[in-house]
Amino acid sequence: MEERVALAMITALSAARKATHLYPSAHPKYREAVDELALAVRSCVAEGPFTLNVHLGRLYQDSRVLSSDVSGAHAVAEALEAHRVESVTFGVDASEHDAITLVEVLAMRPSATLDVGEELERKGASAITIAAFVDEDAAEAEERDRLREQDRALYKRLLGVLRTLTARIQETGDPNVGEAGMVVEGILARLMDDSAAVLGLATMNGQSESSLFHSINTMIYSLVLGHELGIPEEGLTSLGVAALLHDIGKVAFDMTDPTQADEARYLHPKIGADILSRLPEQDRTPMLVAYEHHMAADGSGYPERDEGYVTHPFSRMVAIADRYDRLTTTQPEGSGMTPDKAVIQLLRDTSTLLDQTLTRLFVKALGVFPVGCVVRLTDHSVGVVCARGTDPLHPRVRLMFDTDGTKLEPERELDTAEASIGIVEIVNPENLAVTVSDHL
Ligand SMILES: [Fe+2]
Ligand SMILES: [Fe+2]
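One numbering rule holds for all chains: residues counted from 1, following each sequence as written. All chains are assigned letters beginning with A, and all ligands numbers beginning with 1, in the order in which they are written. pLDDT decides what is reported in this predicted model: residues at 70 or higher carry local features, side-chain atom pairs at 80 or more are listed and counted, and totals for whole chains, interfaces and linings draw on all residues regardless. Excluded from the side-chain calculations are hydrogens and water; all other atoms, namely the structure's heavy atoms, are used.

### Re the pattern of salt bridges
Turning to step 1, where the next piece is worked out: For salt bridges, the criterion is a side-chain nitrogen of Lys or Arg within 4 Å of an Asp or Glu carboxyl oxygen. Enumeration over the complete set of coordinates arrives at 24 salt bridges.
Turning to step 2, where the next piece is worked out: One salt bridge connects Lys 123 with Glu 119, and the closest N-O pair in it is separated by 4.0 Å.
Turning to step 3, where the next piece is worked out: Within the structure, one salt-bridge network assembled from shared partners comprises Arg 144, Asp 145, Arg 396, Arg 398, Glu 411, Glu 413 and Asp 415.

Okay, here's the thing in structure tokens:
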């Protein structure tokens, strides 16, 4: 087919679109435009289906670039792009009605709810096929938001399970680890899939139920470490359950009473181990971890132990996870450190409190800029680290503030390596009045 035929079609489409705006359908000018269009359609489909594509403001007939000098080319390309149409195919039996319906639909105001293909079908223009432009960034962002909502719902469900479990232990002293296992497995599946998303969840914190949040976050960090260490799935479940229940001994105390909270500090490992020793299951790990998680690497800590006593590796792992959560949490017992400072503190703690090899491994798993770090970039924009990047110095960042300091709505994700943008400094989220977990 000659290019001339395709160009005539474009001009006819544009003229008809103008005519629908300007004249009532009984007007001779309108009839003239429609007749032109009908003629153009017939010529175009004479040898087979005719496809018009649009890409970056240019029109193509199949893959042939069409001259943009022709009258109406710009307007047609613009109208198609505004309606997120990537291509229009006229079938061999395309009629005048089909063509004029297309023109009418393209004259409608573009909106997220207007789907040109569906609208044509609804109006009976069956011989025209539309390929919608897929905005990959938008589709990706939508998928990410969907998963994020799902993850948050999972976290809330886990809080609920743990709340019930804790209440039952408080009333009857009967631990049911089956439910705890469910909590762990829920998170574990997501961790294998997307560890950054799960680390993002661990930045969540609740004022009123801080101990429940602490338990789940300690479990998440323990699993991240266990996964990094290469522990197989069954072992991870056991580690997760142990981490989840490490502070269970605190149920015996009223933590709102300062005297009792102080007692709980030293007594909860022993009481927790007592509770967990009543588990019907064979796995003794939760009991050991509850008992040992405050025993320091240098022999200090509590409960006191004989010289030469060796703690379970899971206890040492939970001690690291427990410490990291307390360092990065603000209330009520936390230090409110930014993740980068907390990581440095963990490394310092290896001289006294924590196992050196395991701590280094945990720090490696978190990366140079751990998930949850608020960072200022070389172009002055500010965002929160949401995942590891291709290299340690270039994580993925969810941008919250634009280069000029305006709040980004919606926020967008940036691969700092791809964009060749560096990190200038780590910012304390409090200075920006930002709650990190709201942005992950
Ligand atoms: Fe504890
Ligand atoms: Fe703890």
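### Some thoughts on the domain arrangement of the chain
Turning to step 1, where the next piece is worked out: Considered domain by domain, the chain is made up of domain 1 (3-134), domain 2 (153-366) and domain 3 (374-439).
Turning to step 2, where the next piece is worked out: On the side of domain 3, ten residues touch domain 2, which itself brings nine residues to the contact.
Turning to step 3, where the next piece is worked out: Buried area adds together the accessible area that both of two parts lose upon being put together, with accessible area traced by a 1.4 Å probe. Here domain 2 packs against domain 3, burying approximately 610 Å² in sum over the two surfaces, 57% of which is carbon and sulfur.
Turning to step 4, where the next piece is worked out: Of all residues in domain 2, Ala 196, Thr 203 and Thr 338 bury the most surface against domain 3, accounting for 47% of the area lost on that side.
Turning to step 5, where the next piece is worked out: Run the count over domain 2 and domain 3 and you get zero salt bridges.
Turning to step 6, where the next piece is worked out: By the criterion applied in these results, polar contacts are pairs of N or O atoms within 3.5 Å in which, for protein atoms, one can donate a hydrogen and the other can accept it, and in which residues neighboring in sequence qualify only through two side-chain atoms. In this structure, the connection of domain 2 to domain 3 is made through one residue pair in polar contact (both at pLDDT 80 or more).
Turning to step 7, where the next piece is worked out: Amino acid classes used here: Ala, Val, Leu, Ile, Met, Phe, Trp, Tyr, Cys and Pro are nonpolar; Asp, Glu, Lys and Arg are charged; the rest, including Gly, are polar. When its residues are assigned to classes, the side of domain 2 that touches domain 3 shows three nonpolar, three polar and three charged. Start and end positions for the domains come from either an automated domain assignment or a database one. The contact criterion used is simple: two residues touch if any of their non-hydrogen atoms lie within 4.5 Å.

### Regarding empty space enclosed by the protein
Turning to step 1, where the next piece is worked out: Residues are called lining when one of their atoms sits within 4 Å of a cavity or pocket point, these points coming from a 1 Å grid over the protein atoms alone, where a cavity is a set in which a 1.4 Å probe fits but cannot get out and a pocket is an open set with protein on both sides within 12 Å along at least five of seven lines. Grid points are joined across faces, edges and corners, and a volume is the space filled by probe spheres set on the points. Using the criterion set out here, one finds one cavity of 30 Å³ or more in the structure.
Turning to step 2, where the next piece is worked out: In this structure, the largest cavity encloses a volume near 40 Å³.
Turning to step 3, where the next piece is worked out: In this structure, the largest cavity is lined by Leu 13, Ser 14, Arg 17, Val 76, Ala 79, Val 103 and Leu 106.
Turning to step 4, where the next piece is worked out: Counting residues per element, the ones that place at least two in the lining of the largest cavity are helix H1 (3-22), helix H3 (73-82) and helix H4 (96-107).
Turning to step 5, where the next piece is worked out: When grouped by side-chain class, the residues that make up the lining of the largest cavity number five nonpolar, one polar and one charged. Each helix is a run of DSSP H or I of at least 4 residues and each strand a run of E of at least 2, with the numbering of both proceeding from the N terminus.

### A short note on the coordination of the iron ion (ligand 2)
Turning to step 1, where the next piece is worked out: Only nitrogen, oxygen and sulfur atoms qualify as donors, provided they sit within 2.8 Å of the metal or within 3.2 Å for Na, K and Ca; with water excluded from the atoms, sites may seem incomplete. Protein coordination at the iron ion (ligand 2): the donors are His 214 (NE2), His 246 (NE2), Asp 247 (OD) and Asp 322 (OD), at 2.0 to 2.3 Å from the metal.
Turning to step 2, where the next piece is worked out: Bound by four donor atoms, the iron ion (ligand 2) shows angles of 80 to 174° at the metal and therefore irregular coordination geometry.
Turning to step 3, where the next piece is worked out: Mapping the donors of the iron ion (ligand 2) onto the primary sequence gives the spacing H-x31-H-D-x74-D.
Turning to step 4, where the next piece is worked out: In this scheme, a residue with accessible area under 20% of its type's maximum is buried, one over 50% is exposed, and one in between is partly exposed, where area comes from a 1.4 Å probe on protein chains only. With relative accessibility at 2%, the residue Asp 322 sits in the buried group. Angle rules define the geometry names used: all angles between 85 and 135 degrees makes four donors tetrahedral, while opposite donors over 155 degrees apart and all other angles between 65 and 115 make four donors square planar and six octahedral, leaving every other case irregular.

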